[in-house]
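Remarks on the overall topology
Here are the chains, one letter per residue:
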Amino acid sequence: MNDPAPDAPASRLSRVPAGLRPYLEPAPVAALFLGISSGFPFAMIGATLASRLAEDGIEKKSVTAFALVILAYNLKFLWAWAIEGIRLPLIGRLGQRVSWMLLAGVLVMAAVINLGLVDPAADLGATVAAAIMLGVAGATYDIVIDAYRIELLEPRQLGVGAGMSQYGWRIGASAAGALALALAQRGGWELAYVACSAFALPAMVTALAMGEPTRHRTIATRRSLGEVGQAIVGPFVEFFRRQGAVLVLLFVLVHKIGDTLANLTFRLLFNDLGYSKDEIALYDVGVGFWALLAGVFVGGVLYARLGLKRSVLASLILMAVSNLSFAGLAAAGHSNAAMAGAIGFENFASGIGGVTVVAYFSALTNLRFTAAQYALISAAASIAGRLVTGTTAGAMIEAFGYVDFYLLTTVLALPGILLFWLMMRAGLIDRSIGDAGVVGQGDARAEPA
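Quantities reported herein were computed from a predicted structural model and do not represent experimental measurements. (Residues numbered from 1 in each chain as written. Predicted model: local features only at pLDDT ≥ 70, side-chain atom pairs only at ≥ 80, totals over all residues. Heavy atoms only, no water.)

Right, let's get into the side chain of S432. The topology assignment puts S432 in the segment after α21 (428–431). Look at S432 and you get buried, because its relative accessible area is 3%. Side chain to side chain, S432 and Y360 meet in a polar contact 3.3 Å long. (Helix = DSSP H or I, 4+ residues; strand = E, 2+ residues; numbered from the N terminus. Buried < 20%, exposed > 50% of the residue type's maximum accessible area, 1.4 Å probe, protein only. Polar contact = N/O pair within 3.5 Å; in protein donor to acceptor, adjacent residues only side chain to side chain.)

Before going further, it helps to examine the packing of aromatic side chains. This structure, assessed with the given rule, holds 18 aromatic pairs. Centroid distance F326 to Y406: 6.0 Å. Interplanar angle 45 degrees. Geometry classified as tilted. With F326 in helix α16 (residues 277–332) and Y406 in helix α19 (residues 383–412), this pair connects stretches of sequence that are 80 residues apart. Through a chain of ring-to-ring contacts, three or more aromatic side chains come together here, namely F266, F270, Y275, F326, Y402, F405 and Y406. Over the aromatic face of Y374 sits the side chain of R149, whose NZ or CZ is 5.4 Å from the ring centroid. (Phe/Tyr/Trp six-rings, centres within 6.5 Å; stacked < 30°, edge-to-face > 60°. Lys NZ or Arg CZ within 6 Å of the ring centre and 35° of its normal.)

Time to look at the side chain of T206. One can find T206 in helix α11 (residues 201–210). Taking the relative accessible area as the measure of exposure, T206 reaches 9% and is therefore buried. The residues touching T206, leaving out its near neighbours within four places in the chain, are A30, F33, L34, Y148 and G211. (Contact = heavy atoms within 4.5 Å.)

A cluster of nonpolar side chains, contributed by L90, I91, L94, L103, L107 and L208, occupies part of the molecular surface with about 540 Å² of accessible area. By secondary structure assignment, the location of L90 is in the loop between α6 (80–85) and α7 (96–117). (Patch = residues over 30% accessible without salt bridge, like charges linked within 9 Å, V, L, I, M, F, W, Y side chains within 5 Å. Areas by Shrake-Rupley, 256 points an atom, 1.4 Å probe, with all protein chains shown as cover. Salt bridge = Lys/Arg side-chain N within 4 Å of Asp/Glu carboxyl O.)

Counting 119 residues, the largest nonpolar core has F270, Y360 and F361 as its most contacted members. When residues in this core are grouped by element, the largest group, 14 residues, is from α16. Membership of the second largest hydrophobic core comes to eleven residues, among which are Y23, M164, L293 and V296. (Core = buried A, V, L, I, M, F, W, Y, C linked by side-chain atoms within 4.5 Å.)

Turning next to the confidence of the model for the chain. Across the chain, the average pLDDT comes to 82, with 85% of residues at or above 70. The spread of mean pLDDT over the elements of the chain runs between helix α1 (residues 8–14), the lowest at 58, and α11, the highest at 96. Contacts from residues 441–449, a stretch scored under 50 in pLDDT, to residues over four places away or in other chains number 22 contacts. (pLDDT = per-residue confidence, 0-100.)

Evaluation of the coordinates by the stated rule reveals nine salt bridges. A salt bridge links D146 to K76; the nearest nitrogen and oxygen atoms lie 3.9 Å apart. Placement of the pair is D146 in helix α8 (residues 124–152) and K76 in the loop between α5 (71–74) and α6, with a sequence separation of 70 residues. An identical accessibility class is assigned to D146 and K76; each is buried. Its salt-bridge partner being E154, residue R156 comes within 3.0 Å of it at the nearest N-O pair. Taking relative accessible area as the criterion, R156 reaches 53% and is therefore assigned exposed. Its relative accessible area of 39% is what places E154 among the partly exposed residues.

What follows deals with the packing of α16 against helix α17 (residues 336–363). The geometry of α16 relative to α17 is characterised by a closest axis approach of 7 Å and an angle of 30 degrees between their N-to-C directions. On the basis of the axis angle, α16 is roughly parallel to α17. Its residues placed into classes, the contact of α16 with α17 shows 31 nonpolar, 15 polar and three charged. (Axes fitted to C-alpha atoms, helices over the stretch in contact; angles between N-to-C directions. Parallel < 35°, antiparallel > 145°, perpendicular 65-115°, else oblique. Nonpolar A, V, L, I, M, F, W, Y, C, P; charged D, E, K, R; others polar.)

One can find V128 in helix α8. Residue classification places V128 among the partly exposed positions, given a relative accessible area of 31%. C-alpha separation for the pair V128 and L115, spaced 13 residues apart in sequence, amounts to 9.0 Å.

Dropping the structure here:
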């Protein structure tokens, strides 16, 4: 008797509408769960910590300075090489990516709990140290998660996988943020952080279930200092040998300055406008969540219909315009309708960009150096905005107000749009793609027709 089991998943997928079928394949579904664990540490040291500090009466300059803690995510390329080449003892037999996923996940859980146990009002220095520890742990988890996702997906799945990862990231960040606010309101911040540490588990379970990705290229264990040095510089040498690499990196650096600068100050605006924790949870987390889901879906459609280049350009324009909505909210004051509109539009635009831009960045990597190169790209994507936020954002808001501040963030988004358009005209987008975006051994690119 023939065993129908191997054909059962394909048979079930055949009954699903064609437009939804790619989202239900194992690798994109895995990307969803990876994104959940990737998103929540950022929320714990971003918006959630900002709300906690503002509640404790910490001045705005100190609150926005905590954005510098998130710079750990921008420095992660400095140790990404270790995740490529160092084999972990004992659990290393599970595979390079799987073993590091488990270790990084445990470190994140411990760091989240540690941050929850400190009291910012009593010892701001201890809070800074705990936030830095979580930043480093979360950035390390991101390195592993991004590399695992890219190597698990086929080139044709990069857009869908990026969308599912963004769904997961928002679910993780929003659910952890909402849970933290709800539990803090009722049981204190310590309980909130301890409970939220469980959001590290989905990626760990996914890695154990899916196993080592088939596209992963194992790098030999490093022994001599020369080999270690080559492991560190090799990914960057390979990237910068490509035509237009400097312009590509410049685009990565500047394309999100305005968006990052605006996003890291939203909770300050909400607090100054008098929104309660429950209102923030409803609009920032609730409305924002559904708007981002819609944006990710639309981003997938745009990616399929317009191709990588035109869909990225469209998303950059939308993300720039979305900052204007917060200038409108600041001018309107405490208005639930204005907050819902601003949050909704910003998250819708971010959802579209999360699919198109992440797909492009994923396709830039070389499979020999997935972790190190994507760490460089993703770290560079927001470092400028975070530096400006951490050093001057609070002072700028106090100097000329929220309305002009958000108008400035819109202007700061324009150089990235112009640079990407020029790169399109020069043909540098196609020539910068790495083999992660190449089908098989041929020259076909990941960009849809």
